[in-house]
Amino acid sequence: MSKNKFVRRVALFCIVSILSIMLVSCGQKAEEVKINTKTSSVEDMVSYLKSKKYIAEDAQPVDINKTAGYLQDNTNGEFTDTAVADAAVDYDGIWIFWWNQDEPTDFIQVYNDMKVNSGVILLGGGAAMLQTEAQNGSFAIAFAEDYANKDAVLKDFQSLAE
């Protein structure tokens, strides 16, 4: 075999190998996160929303239960209780609320009241409130005013199985 033919075969082999690797790696799909809104945890929901690119991978959570400014205070600053759920986190404008259905805590009453009040979280008989956008299983979701993908997130969230 001549040197020229050998070089061509090696080059062809390299090109075919590189193309094969590219096709295989591009064809692989990221593992889909499965969610059951009745039994999944907040961490599961956050992972799901990150897999859909609604939450950035590097987004840092803000604990809504410990941070003022999320609830509408109807008492001119006299109502200071902000804890509303077993977990309540803000990831760059997506507000996720979760209530433990398996081992209910004192927050289960907030959950039950929200379900009968068209998604409004009420504390102190209306002293403080927060309107959620959707409820599904153990979760509710709301958004900061400037969150851009609200409609897509809502559609996806509401389609999740309970």
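Before going into details, it helps to say that this report is about the structure given with it. Please read these numbers as outputs of a predicted model, since none were measured by experiment. (Residues numbered from 1 in each chain as written. Predicted model: local features only at pLDDT ≥ 70, side-chain atom pairs only at ≥ 80, totals over all residues. Heavy atoms only, no water.)

1. Some remarks on the nonpolar core
- Counting 24 residues, the largest nonpolar core has M45, L49, I55, I94, I96, I141 and V153 as its most contacted members.
- Looking at this core, the elements that each hand over two or more residues are helix 2 (42–51), strand 3 (87–91), strand 4 (94–98), strand 8 (139–143) and helix 4 (150–159).
- With near-sequence residues (within four places) excluded, I141 lies in contact with I94, W95, F97, T132, E133, A134, V153, L154 and F157.
- Membership of the second largest hydrophobic core comes to 19 residues, among which are W95, M114, L130 and A142. (Core = buried A, V, L, I, M, F, W, Y, C linked by side-chain atoms within 4.5 Å. Buried < 20%, exposed > 50% of the residue type's maximum accessible area, 1.4 Å probe, protein only. Helix = DSSP H or I, 4+ residues; strand = E, 2+ residues; numbered from the N terminus. Contact = heavy atoms within 4.5 Å.)

2. Focus: the packing of aromatic side chains
- Scanning the model with the defined rule gives four aromatic pairs in all.
- Residues F97 and W99 carry aromatic rings whose centres are separated by 6.4 Å and whose planes lie at 20° to one another, so their mutual orientation is stacked.
- Among the aromatic residues, those joined into a ring-pair cluster are F97, W99 and Y111. (Phe/Tyr/Trp six-rings, centres within 6.5 Å; stacked < 30°, edge-to-face > 60°.)

3. Regarding the pattern of salt bridges
- A complete count under the given rule lists two salt bridges for this structure.
- When the shortest N-O distance is used, the salt bridge between D156 and K52 registers 3.9 Å. Note that D156 is positioned in helix 4 and K52 in the loop between helix 2 and strand 1 (62–63), a separation of 104 residues in sequence.
- On the accessibility criterion, K52 (37% relative accessible area) is partly exposed.
- With its nearest N and O atoms 3.4 Å apart, the salt bridge here joins K150 to E133. Residue K150 is found in helix 4, and its partner E133 is found in the loop between strand 6 (128–131) and strand 7 (134–136); the two are separated by 17 residues along the sequence.
- Take E133: its relative accessible area is 34%, and that puts it in the partly exposed class. (Salt bridge = Lys/Arg side-chain N within 4 Å of Asp/Glu carboxyl O.)

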